[in-house]
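Structural features, examined
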Amino acid sequence: MTDTYFYFMKKIALLIIGLMTIFSCQELKEQQNSGYIVQVSLGSWHSPDYTAEQIIERIDTVSKMIPIQKVIIGWSDNKDIYRQVGDYLHNKNIRMLLWLPVFAETEEVCENSPAVDLWGKVPANYDLAAGEGFRFNCPSDPKNAANVVAVYDSLFSDCGFDGVFLDRIRTQSFVSGVSGVLNCGCPLCVERYAKEGVDIQAVKREYEAKGDAFFSVKGYSTADGFCFENPVAAAYFKAKGHVVSNSVAAIADSLRSRDLEVGMDLYAPFMASFVGQDYSILTAHADFIKPMLYRQTFAPAGMGFEYDLLQRAVPNAKGYLKFRMDVAFLNSQLKAMKPYNCEKYPGIEVNYRADIVPTSLEYISESIDAVKEHEFKGAVLSWNIMEAPLNHIKILSDK
């Protein structure tokens, strides 16, 4: 054996070790970026529904059933809860994200200018539960945006969060009828729409002249969503997506500059344009998105719930299909998410409540199977792991 032979054998061995190290690191990275995200809803700002000990006990139980990558928790102002929960999570290599409302639910901690419809009136609220009135604020007022960031800085920046999860990043929906969707129409928003080439007064006149027909569509496609017949309506909803989503993007960028991971709570793609959520803008400023693909939620953001409200609000509008909230429709919404570059973790509800979220083992199983078939890295188990029946979690352990 010559020295040259041993030299080349050593080089080959070092190359193999290097490649094994690279593949191992890639595999570890994949493992770290896959799994489930769970949500812990603490209730109102000043009266948390759970103690740190209760939260830790539940997450410990759930983490023995399924891999947990991140925990979204908020939005109580009790810092001790986050510090204790954060210590536990970080010891288990689980990231902790603050559940932070943006354009609604902040009235208890800061003063904001409310959103108004195109006629200058504040739309009606939807009171699902204490602390969740779904009262929306103007997306264009810079003070509203500054307040959200200030809330994080003043209340949460020293609690050990790895990131933030932005909720209520939209306008009101058809929960408030047409008034909820044709907003905000304050002077600041009027000015921003004008920069988008849309005259709000012309939009108002067009709706008053056409009525429900203003909302009529030529059809629907997974790739492009609803195609409006009326060019004024089409221009308005495109501009609305720009106005609202660019405001959200600026807030997200400010928080990301603090070395925070940013996740976003989004409407299902087929309804997003009505509430001002432009996926192409938002995904460019998020680390991950959670489209709320709720087929068994009869409350705001539930897909069938919101679509039914649309048809009730504008019953004479033409072109709207009869969507069945089945797995085929879920697949269409999962497919609509694929073109965007950030990570996607579809929101699947695992809570149970007979009147609002009547989920079942079969429903949860088929929903997660669909998510995995589309090769997403995981899902967000929504919307409160503290209330989810454990058998709804256990069924996922075999997937």
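What you see is a predicted model, and the numbers here were worked out from it, not measured in a lab.

What follows covers the environment of P346. Checked against the element boundaries, P346 lands in the loop between β9 (343–344) and β10 (347–349). Residue P346 is classed as buried on the basis of its relative accessible area of 0%. Spatially, the C-alpha atoms of P346 and L266 are 9.5 Å apart, while their sequence positions differ by 80 residues. In this structure, P346 is in contact with K290, P291, L293, L334, M337, V371, F376, G378, A379 and V380, ignoring residues within four places of it in sequence.

Our next topic: the pairing of strand β11 (residues 378–382). The element β11 is extensively covered by neighbouring structure, given that 5 of its 5 residues are classed as buried. Because side chains alternate across β11, one face comprises the buried residues G378, V380 and S382, and the other comprises A379 and L381, equally buried. Sheet analysis places β10 next to β11, joined by 3 bridges and oriented parallel. Bridging across to β11, I348 finds its partner in L381.

Geometry of an aromatic ring pair is reported as the spacing of the ring centres plus the angle between the planes. All told, the structure shown has 34 aromatic pairs when counted by the stated rule. Ring centres 4.9 Å apart and planes at 50° place the aromatic pair Y220 and F226 in the tilted group. The buried category is assigned to Y220, whose relative accessible area is 18%. The interplanar angle of 85° and the centroid separation of 5.0 Å between the aromatic rings of F270 and F329 together place this pair among those described as edge-to-face.

What follows is about helix α7 (residues 200–210). Listing the buried residues of α7 in full gives I200, V203, K204, E206 and Y207. Projected down its long axis, α7 shows its buried positions confined to an angular sector of 165°, all on one face. Where α7 starts, the residue carrying a side-chain oxygen 2.9 Å from the main-chain nitrogen of Q201 turns out to be D199. A positive phi of about 65° marks G211, the residue just after α7.

Rules used throughout
Here, residues in each chain are numbered from 1, in the same order as that chain's written sequence. It should be noted that, the model being predicted, local features are given only for residues of pLDDT at least 70 and side-chain atom pairs only at 80 or more, the latter also being counted only at that level, while totals for whole chains, interfaces and linings use all residues. Processing note: side-chain calculations cover all non-hydrogen atoms of the structure and skip hydrogens and water entirely. Here a helix means four or more residues in a row that DSSP labels H or I, a strand means two or more in a row labelled E, and each is numbered from the N terminus. Residue exposure (1.4 Å probe, protein chains only): buried if accessible area is under 20% of the type maximum, exposed if over 50%, otherwise partly exposed. We call two residues contacting when some pair of their heavy atoms lies within 4.5 Å. Paired strands, in this sense, are two strands between which DSSP finds at least two bridges. Any two rings among Phe, Tyr and Trp, with Trp reduced to its six-membered ring, count as a pair given centres within 6.5 Å; such a pair is stacked if its planes are under 30 degrees apart, edge-to-face if over 60, and tilted if neither. The arc in question is the one traced by the directions running from the helix axis out to the C-beta atoms. Nitrogen and oxygen atoms within 3.5 Å of one another constitute a polar contact, given that in protein one can donate a hydrogen and the other can accept it, and given that sequence-neighbouring residues count only through two side-chain atoms.

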